[in-house]
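Given next are the chains, with one letter for each unit.
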Amino acid sequence: MTIFFEIFPFYMFSYEEIRKKLEGRESDRSYITEMIKLYGSLSVKIALLANASLKKLFNPYWVGCPPGVFLSYKWNGPDSRDYVQEIHDYLSALGYFVFFDRNELPEDADTCTEVPEFISNVANCQYYLLVLTEKTADYITARTGKTSWIFDEYQQAISLVNKGRMCLVPVLVEEGGVTDFFKKENTISLIENRYDFKKLEDVFYPVRFNLSTEHRAILTDVLDSFDVLLAQRRWEEARSLFEQAIYFKNFPDYQFRLFLYSLRIEDFAQAKESFGECAYFTGPAQLPRLLTCYAEIYQLSELNENLSRFLGAR
């Protein structure tokens, strides 16, 4: 029976079971190697990516400090990576933390441990920037009968987008990158000039956060505390924490919690101010989606009710 498990793991175990076995051990490379021997490389990769997506749901940074951008692409040869490097450099200069495999992974990276570990950075990103080439489109839709790791990466990112936890930014750079869903009309089209990165500024605004590692750790604790207080509807304690943590008032994740709190106590004047602070980084359309996701996770249905009233009054 043991031999059967090792040779035919997919018949005996679901991805969910593998995912649970990997919880809390996503960076334990020796353990991951043993899991791969038992269940196969692809199933372990997908399970690790699923864990990263779950972590994203409960990540305290809903806007980011700075916001993270995950670059996803499928092309051929060094020229394609050189091009994506240009996108990376442009967004980095705007102040975003940009995850790009060329910079994060060595050429001989272990696809069983290092590659999934890199892809787990999806959990720290607010944006999934998909570079739509013909090959990208082929693989994410399997329209030529072939897929690759980008297919699973894309599926997990879309699940986060659909929940309202991540913003998808499709950038079309080749005519062949058009799919049944991604058209020129609903993408940032760079077909005429693929280096016209100014078009990205419709989504990405300059970000300037100067926060030490120590202060970032404090902000993380503050945000986690806000989430506990809001989820437990301890409104007075939340108000007190806003006053105590006033040092972070210019950071969008502080303002995001203040927006939620203001909606709950129906202080629409403060809600309007905080909405504007956050919308600068997320865009006004993305912010209600973030709130809806937050309300669902922390079971605060009244936030959605008050959001409708707030948006109707604006």
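Structure first, text after, so check above.
None of these values were measured; they are calculated from a predicted model.

Thoughts on the pairing of strand S4 (residues 167-172)
Alright, step 1. Counting buried residues in S4 gives six out of six residues, a clear majority hidden from the surface.
Alright, step 2. Here S4 shows a buried face lined by Cys167, Val169 and Val171 and a second buried face lined by Leu168, Pro170 and Leu172.
Alright, step 3. Two elements, strand S3 (residues 127-132) and S4, share six bridges in a ladder whose sense is parallel. Among the inter-strand pairings, Leu129 is bridged to a residue of S4, identified as Val169.
Alright, step 4. Sheet topology places S4 next to strand S5 (residues 188-189); two bridges connect them, and they run parallel. Opposite Val171, over in S5, you have Ile188 as the bridge partner.

Notes on the pairing of S3
Alright, step 1. The buried count for S3 comes to six of six residues, which makes it a mostly enclosed element.
Alright, step 2. The alternating pattern of S3 places Tyr127, Leu129 and Val131 on one face and Tyr128, Leu130 and Leu132 on the opposite face, and all of these are buried.
Alright, step 3. With four bridges joining them, strand S1 (residues 68-72) and S3 adopt parallel strand pairing. If you follow Phe70 over to S3, its bridge partner there is Tyr128.

Focus on the packing of helix H4 (residues 29-39) against helix H5 (residues 41-57)
Alright, step 1. At a minimum axis distance of 7 Å, the contact between H4 and H5 shows a crossing angle of 125 degrees. The angle between H4 and H5 falls in the class oblique. Between H4 and H5, the residues in contact are Ile32, Met35, Ile36 and Tyr39 and Ser41, Ser43, Val44 and Leu48, respectively.
Alright, step 2. By residue class, the composition of the contact of H4 with H5 is six nonpolar, two polar and no charged.

Regarding the sheet that holds S1
Alright, step 1. Taken together, five strands build an open sheet; the order of strands is S2-S1-S3-S4-S5 and the sheet is parallel. Here the strands that pair on one side only, and so sit at the sheet edges, are strand S2 (97-99) and S5.
Alright, step 2. In the sheet, S1 pairs with S2 via three bridges, with the strands oriented parallel. Looking across to S2, one finds that Val69 is bridged to Val98.
Alright, step 3. In the packing of helix H10 (residues 149-163) onto the sheet, contacts are made with S1, S3 and S4, and the angle to S3 comes to roughly 135 degrees.

Details of helix H15 (residues 286-297)
Residues lying three or four places apart along an α-helix face the same way, a consequence of the helix completing one turn every 3.6 residues.
Alright, step 1. The terminal C-alpha atoms of H15, which comprises twelve residues, lie 17 Å apart, in line with the 16 Å expected from a rise of 1.5 Å per residue.
Alright, step 2. Those residues of H15 that fall on the buried side of the exposure criterion are Gln286, Leu287, Pro288, Leu290, Leu291, Cys293, Tyr294 and Ala295.
Alright, step 3. Gln299 sits one or two positions beyond H15 and adopts a positive phi of about 55 degrees.

Section: the nonpolar core
Alright, step 1. The biggest cluster of nonpolar side chains holds 86 residues, and the ones touching the most others in it are Leu91, Leu129, Phe204 and Phe259.
Alright, step 2. A total of seven residues in this core trace back to one element, the largest contributor, which is helix H13 (residues 252-264).
Alright, step 3. Each residue touching Phe259, except ones within four places of it in the same chain, is listed here: Ala271, Ser274, Phe275, Leu287, Leu291, Leu307 and Phe310.
Alright, step 4. The next biggest cluster of nonpolar side chains, apart from the first, holds ten residues, and it includes Ile32, Tyr39, Val44 and Leu48.

Reading the values: rules and limits
Residues numbered from 1 in each chain as written. Predicted model: local features only at pLDDT ≥ 70, side-chain atom pairs only at ≥ 80, totals over all residues. Heavy atoms only, no water. Buried < 20%, exposed > 50% of the residue type's maximum accessible area, 1.4 Å probe, protein only. Helix = DSSP H or I, 4+ residues; strand = E, 2+ residues; numbered from the N terminus. Pairing = 2+ DSSP bridges. Axes fitted to C-alpha atoms, helices over the stretch in contact; angles between N-to-C directions. Parallel < 35°, antiparallel > 145°, perpendicular 65-115°, else oblique. Contact = heavy atoms within 4.5 Å. Nonpolar A, V, L, I, M, F, W, Y, C, P; charged D, E, K, R; others polar. Expected span 1.5 Å × (residues − 1). Core = buried A, V, L, I, M, F, W, Y, C linked by side-chain atoms within 4.5 Å.

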